[in-house]
Structure formats: C-alpha cells, structure tokens
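This is what each chain is made of:
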Amino acid sequence: MTGTPSRVFISHLASAAVFDPGGDQVGRVRDVVIALRTGNQPPRVLGLVVEVTTRRRIFVPMTRVTSVETGEAITTGLVNMRRFEQRPTETLVLAEMLDRRVTLVETGEQVTVLDVAMSAGRGRDWYVGKLFVQKGGGGSALRRRRGETLTVDWNAVTGFERPEDQQGAANLLATFEQLRAADLANVLHNLSSKRRVEVAAALDDDRLADVLEELPEDDQVEILGQLREERAADVLEAMDPDDAADLISELPEETAERLLDLMEPDEAEDVRRLLTYSDDTAGGMMTTEPIVLEPDATIAEALALVRNPDLSPALASQVYVCRPPTETPTGKYLGTVHFQRLLRDPPFTLVGAVVDTDLRPLRPDTPLAEVTSFLAAYNMVAAPVVDEDDHLLGAVTVDDVLDHLLPEDWREGALHGEARGINPAEVRSRLNGA
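What you see is a predicted model; the values in this text were computed from it and never measured.

Criteria and cut-off values
Residues numbered from 1 in each chain as written. Predicted model: local features only at pLDDT ≥ 70, side-chain atom pairs only at ≥ 80, totals over all residues. Heavy atoms only, no water. Helix = DSSP H or I, 4+ residues; strand = E, 2+ residues; numbered from the N terminus. Buried < 20%, exposed > 50% of the residue type's maximum accessible area, 1.4 Å probe, protein only. Contact = heavy atoms within 4.5 Å. Areas by Shrake-Rupley, 256 points an atom, 1.4 Å probe, with all protein chains shown as cover. Salt bridge = Lys/Arg side-chain N within 4 Å of Asp/Glu carboxyl O. Pairing = 2+ DSSP bridges. Core = buried A, V, L, I, M, F, W, Y, C linked by side-chain atoms within 4.5 Å. Patch = residues over 30% accessible without salt bridge, like charges linked within 9 Å, V, L, I, M, F, W, Y side chains within 5 Å.

1. Points about the overall build of the protein chain
When its secondary structure is counted, the protein chain shows 18 helices and 18 strands. The buried share among the 434 residues of the protein chain stands at 47%. A separation of at least 24 residues holds for 60% of the contacts in the protein chain among residues at least 6 apart in sequence. Looking at the protein chain as shown, the accessible area adds up to about 21200 Å², and 48% of this sits on carbon and sulfur atoms.

2. Considerations on the pattern of salt bridges
All told, the structure shown has 20 salt bridges when counted by the stated rule. A salt bridge links Lys-135 to Glu-148; its shortest N-O distance comes to 3.6 Å. Of this pair, Lys-135 sits in strand E11 (residues 126-135) while Glu-148 sits in the loop between helix H2 (141-145) and strand E12 (149-153); the two residues are 13 residues apart in sequence, bridging distant segments of the chain. Residue Lys-135 is classed as partly exposed on the basis of its relative accessible area, which comes to 23%.

3. Describing the pairing of strand E17 (residues 382-386)
Counting buried positions over the 5 residues of E17 gives 5, a clear majority of the element. In E17, alternate side chains face the same way, and those of Ala-382, Pro-384 and Val-386 on one face and Ala-383 and Val-385 on the other are all buried. The sheet contact formed by E17 and strand E18 (residues 392-397) spans 5 bridges and is antiparallel. When the sheet's bridge partners are listed, Ala-382 is paired in E18 with Thr-397. In sequence, E17 turns back onto E18 through a hairpin of 5 residues, with Asp-390 there showing a positive phi of about 65 degrees.

4. Considering the nonpolar core
In this structure, Val-32, Val-116, Met-118, Leu-131, Leu-224, Leu-236 and Val-396 are the most contacted members of the largest nonpolar core, which totals 97 residues. Once you skip the residues sitting within four places of it in the chain, Leu-224 turns out to touch Leu-212, Ala-232, Leu-236, Leu-247, Leu-251 and Leu-259. Counting residues in each nonpolar core, the second largest holds 24 residues, with Ala-302, Leu-303, Cys-322 and Val-351 among its members.

5. Some points on a nonpolar patch on the surface
There is a patch of nonpolar side chains on the surface, built from Val-381, Val-398 and Leu-402 and spanning about 200 Å² of accessible area. Looking at the secondary structure, you find Leu-402 in helix H16 (residues 398-405). By relative accessible area, which is 43% here, Leu-402 ends up partly exposed.

6. Considering the sheet that holds strand E14 (residues 292-293)
On the basis of which strands lie adjacent, the open sheet formed by 3 strands has the order E14-E15-E16 and mixed pairing. Two strands close off the open sheet at either side, each with one partner strand: E14 and strand E16 (333-338). For E14 and strand E15 (residues 318-322), the ladder comprises 2 bridges, and the chain directions are parallel. Counterpart to Leu-293 in the pairing with E15 is Val-321.

Written out as structure tokens, the structure is:
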C-alpha cells in the first residue's frame, strides 16, 4: 500500500470516497468491519462497508483495498456487489464502538471511546491498535467534553467484550453530520434495533423528524415507541403534517390519541383533519402547509418564501393565492402562481396580477388515479386541494403520489439499494382506480 499512512483514525474515513484503479468513484465508506479476538490481541480489520451509487451497502475486504487515506480509499476494482449482511462475529466500528464506555486497565477509570485508529500490518492486513478516549463520564455533555482526552493502546482498556446497555451516540452522529436525511436514514436502518433507538434519541427533534420521514413504517413505529411521549409529540409536530398523519395512523388508537393531545393544538388539528380522509385520495395525500399569499402580496415576498430551504422542491414550485386567512383552511382560493412566472415579472408586481386561474383545483375526495392523471396531463409537480366552498385545504405533490404508486415496501428496498420496480400491470390497475 504505497503512500498509505501507517495509522488512520476511522472517524476520518466516514463518508470518504472509494475509487477504483481508474479513478472512477465506486461509492462512499459508511463503516469499517472488524473482528474482536481473544486475550489482548488487537482486532483485525476485515474490510469496509461501502455505500455504492444505488444506495446499496456492500462489503469490500481489506485485501481488495490498495490504499487508505483520510478522505479516500482505493480498491483493486474487483468488488462483490452483494448487499452487506453483518455476521454475529463482526463488529462495526462507527456504529458499535464509538461512544462506548470502557475501562482503563491500569487505573480502573472509565473512559468514553471518541475514535478508533487502525494501522497497517504486513501485506494488506490492518489491525485496530489505538483508541482515542476521554476521561470522565456521566453528567451533562458539557462536562464530558471538558474531560481529558488521550490516545491509548488497544490492550490498555477492557470492556468491549460485554454489551453496552446505555451507549451514547454523539460521536457517531458527528461522523455523519453532513449526510442528507435520506442517507442518515440508511445508516439508522442498517444499525441494530438497540443502536438505532440510541442514535435516534440523540438527534434533535427537527433532524429526527426529517429522518423518520425517510424510514420504513416499521422503523418509524419502533423509534417513536421508544421516545418519551412528550418528545414523540414534539417530533411529530416537526414532521410534515401528511407524514405525521401517516405515522400516527400506524399506532394503536389509544397511543395515537395521547400523542395528538400532547401536540400543539394547531399542529394536532392539521393532523386530525388529514386522518379524516381516505389514504388514497387527494385529501389523504396532501400537505396542509403550502405557500399561501394574499393577492396584494408582491412577487418579492413570494420569492422570499420560495427560498425557504425546508420546503421540498415540489412545494416550492408554486404559490397559492387566497383571500385571508392564509392558514389552511384559507379564505377563498383565487388561483396559482408558478415559480417560473415569479421569475419573469418585476419584484414589485402583485401576485394577484399574475395568478393562473385556468387550472381547476382538486377536491379532497379526488381518488389517486385522477390526481395522477391531473399532474401528468398538465405537467405539474403539485396541485391545490379545495373544499366545496373553495377554501384551500392544502396541496398534493408528485412525491406524495409516488409514495402511493410504489410498492408498500419501497423504502425498505431503497434503503437496501435493491431495484424494486413497479409492475406495469399494477401501475395501470392503480391508475384506472382498480
């Protein structure tokens, strides 16, 4: 391994690019697999868990790795694309070793593992030789950060052989801080059930809400069920109302009602309203928080709202113009202003002057097949939903429609990187309302 440093801290490899010999990127490192050994022998590094472009997680043995440096790894180019499945004898460094509480052999003092270093041995063998740890423990995160840090040999500590009941997650999360919500959901999905709950508990409410929206329903229910009910309600409030409604509908009725009672009344009202509609109708799929403006608002104001990074591209594609109030259900719906039109007219122009009134809005009981046909026929990525008195109730977006057209377990397949296409006959059946 010419040019490879003798020691690499594994947290620095998180999300590192993996290249083949020709310089083409194969994927990104998501973890390092090691085998714990008996006695004081340092663990042997078996290989890398690499997420390839299809989001499949594969195993690349260290014998197929020709160079490892902070920020990148180079392989021989010969990799098996079979999905990685962790064996009972294997340990994932980032997922299972960071934040562990272990004991210094010499003093008996407990320390927290902040990082793990692997070193090159003979040939292409790598071993875990050093640990970066922090003294202190218990109390607040602030107190832990102030503890003395030191690098120790592997055999200077003990405690990895026993399960960790209350393992933190701060350092694991730090290694994946820049991941998109969907990618972090992939990380969580591939953790053990115990570790998944620990990591989810360490996320702040907004981040956890974003990640939950990208997880399969079973994972969502498991994680939410492990949170204190007050916090679970806070996380539901931070989710998009339609996603929160979908999740609540999977919970036992008594649990769902308790969580709704703990939510802020306005947030709970939106979710309760969505729960009254059938799941495969415009009302059941819509979000209750589109961009709404009064007709005397300016294009500059509209563009300022469109720039909100928390909005999905579909919701940011158009602005709905309504009489006050502008919270759903709004006053009378007047029409839509498309994003492209906002870019074509001067910033001081009133949105009421450029509103598109030609496209009819959808009713909340519009079935999935008609919603799909509407979006396809008019090349739209979102559509307004109004009641019988023309009050805007929300907007249904193309991603909401896709959620219902794809197989129920599509998120499971996507997180595993498996190609799970739609059966054409099934799609035609759904579009025809069968």
